[in-house]
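Structural features, examined
Given next are the chains, with one letter for each unit.
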Protein chains: 2
Amino acid sequence: MESRTSDSDVVELGDGWSRENCSVVRALEVIGRRSTLLMLREAFLGTSRFDDFARRVGVTESVAAARLRELVAHGLLERHPYREPGQRTRHEYRLTAKGRDLLPVVLALMTWGDRYLADAGGPPLVVAHADCGAPVRAEARCAAGHLVAAHEARPHAGPVARRA
Amino acid sequence: MESRTSDSDVVELGDGWSRENCSVVRALEVIGRRSTLLMLREAFLGTSRFDDFARRVGVTESVAAARLRELVAHGLLERHPYREPGQRTRHEYRLTAKGRDLLPVVLALMTWGDRYLADAGGPPLVVAHADCGAPVRAEARCAAGHLVAAHEARPHAGPVARRA
């Protein structure tokens, strides 16, 4: 029988902190749907056209349209008109700066999936750094530049913390 | 009217790459529910008891039980027995190594939410590095140590890529 407080690394934030204005909750309100995250994956893979999003994510056109509309409304994608010779004007979708800043989210999912869920032989996709060619991963790092493992991460109430 | 290929940074992965064994999809199959990610947030905040998970995530007991069962089945949480004086034996839930490796996912959501969705005055939660006290964020970084912006990330087919 283990005692509850055997792990001195664990600092429980507890009930004093309100989860009401939690940034994880707010982020999930915008990008918490599986199909939304897969649309974003596609945008990072260079997909820009409506038909391509729907087919590559594997959703119906109406689902793809709903997700793209939400992503534009939240300012993560922007619509740009384009026209091919002899065709009517269409729109393509491109990541905004706010959308591009979601790279660590998509990459963190990929990094973890590559490590624990990939088939033997390695991952199906590699993301390389354009400048040096080295593979890119998502990491937890502190502002002083140290890589941070979970047991070294200490949550505490921030400037706008509310009491529960 | 912009031309479609005006942005030379975009390298579209296209249809040749099968999304079937994509690590992002596989990761989302395990942790793609909003309530699952919030249970994981709680685990990183030190929550370990059933009642606390349910209340702090704001889900019913049956939803909390289902999420905890899945997280244990996928090997992200482990059940450990504990007993307080005069009480029956109960179980607490603790992150496994596989679960702790999800820190960048939860932190990436928080980092982005802090940046774009927090109230004026700053974020409600700060995660500090235990060793040096500096705030911890999720970042995209290459194996050579460079911070990588989205326009510098080049996806290409990996070792087990399938043709679509």
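Residues numbered from 1 in each chain as written. Chains lettered and ligands numbered in written order. Predicted model: local features only at pLDDT ≥ 70, side-chain atom pairs only at ≥ 80, totals over all residues.

Turning next to the domain arrangement of chain A. Per the domain assignment, the segments making up chain A are domain 1 (19-100) and domain 2 (102-154). Its C-alpha centre places domain 1 of chain A at a distance of 23 Å from the equivalent point of domain 2 of chain A. (Domains from an automatic or database assignment.)

Our focus in this paragraph is helix H2 (residues 34-44) of chain B. With nine of 11 residues buried, H2 of chain B lies mostly within the body of the structure. Directly beyond the C-terminal end of H2 of chain B, a positive phi value near 95 degrees is found at Gly 46 of chain B. (Buried ≥ 20, exposed ≤ 12 C-beta atoms within 10 Å, placed from the backbone. Helix = DSSP H or I, 4+ residues; strand = E, 2+ residues; numbered from the N terminus.)

With that settled, consider the interface of chain B and chain A. On the chain A side, the residues contacting the 92 residues of chain B number 92 residues. Sort the elements by how many residues they give to the side of chain B that touches chain A and helix H6 (residues 103-116) of chain B lands first, with 14 residues. Looking at the side of chain B that touches chain A residue by residue, the class counts come to 53 nonpolar, 16 polar and 23 charged. The sheet contact formed by strand S4 (residues 136-142) of chain A and strand S4 (residues 136-142) of chain B spans seven bridges and is antiparallel. (Contact = placed C-beta atoms within 7 Å. Nonpolar A, V, L, I, M, F, W, Y, C, P; charged D, E, K, R; others polar. Pairing = 2+ DSSP bridges.)

Below, the discussion takes up helix H4 (residues 61-73) of chain B. Residue and element names in this part refer to chain B. In this model, H4 (13 residues) spans 18 Å end to end at C-alpha, consistent with the 18 Å of a helix rising 1.5 Å per residue. Within H4 the residues assigned to the buried category are Ala 64, Arg 67, Leu 68 and Leu 71. Relative to the axis of H4, the buried residues are bounded by an arc of 100 degrees and lie together on one face. For H4, exposure combined with an orientation more than 90 degrees from the buried face picks out Ser 62, Arg 69 and Ala 73. Buried-residue contacts for H4 involve H2, helix H3 (50-57), strand S1 (77-82) and strand S2 (90-95). The positive-phi residue at the C-terminal boundary of H4 is Gly 75, with phi of around 75 degrees. (Expected span 1.5 Å × (residues − 1). Arc of directions from axis to C-beta.)

A few words on the relation of the copies chain B and chain A. Take chain B, turn it by 180 degrees, move it 0.0 Å along the axis, and it overlays chain A with an RMSD of 0.0 Å. Such a turn and shift between the copies fits a two-fold axis. In this assembly the copies share their binding face: 100% of the residues contributing to the interface of chain B also contribute to that of chain A. (Least-squares fit on C-alpha atoms with pLDDT ≥ 70 in both.)

Here we come to the packing of H3 of chain B against H4 of chain B. Residues and elements named next belong to chain B. The interhelical angle for the contact between H3 and H4, taken along N-to-C directions, is 115 degrees, at an axis separation of 9 Å. In terms of orientation, H3 and H4 fall into the roughly perpendicular class. Note that H3 runs across H4; the crossing there is right-handed. Note on element contacts: H4 touches H3 through Glu 61, Ala 64 and Leu 68, opposite Phe 50, Phe 53, Ala 54 and Val 57. Residue composition of the contact of H3 with H4, by class: six nonpolar, no polar and one charged. (Axes fitted to C-alpha atoms, helices over the stretch in contact; angles between N-to-C directions. Parallel < 35°, antiparallel > 145°, perpendicular 65-115°, else oblique. Left-handed = near helix turned anticlockwise from the far one by under 90°.)

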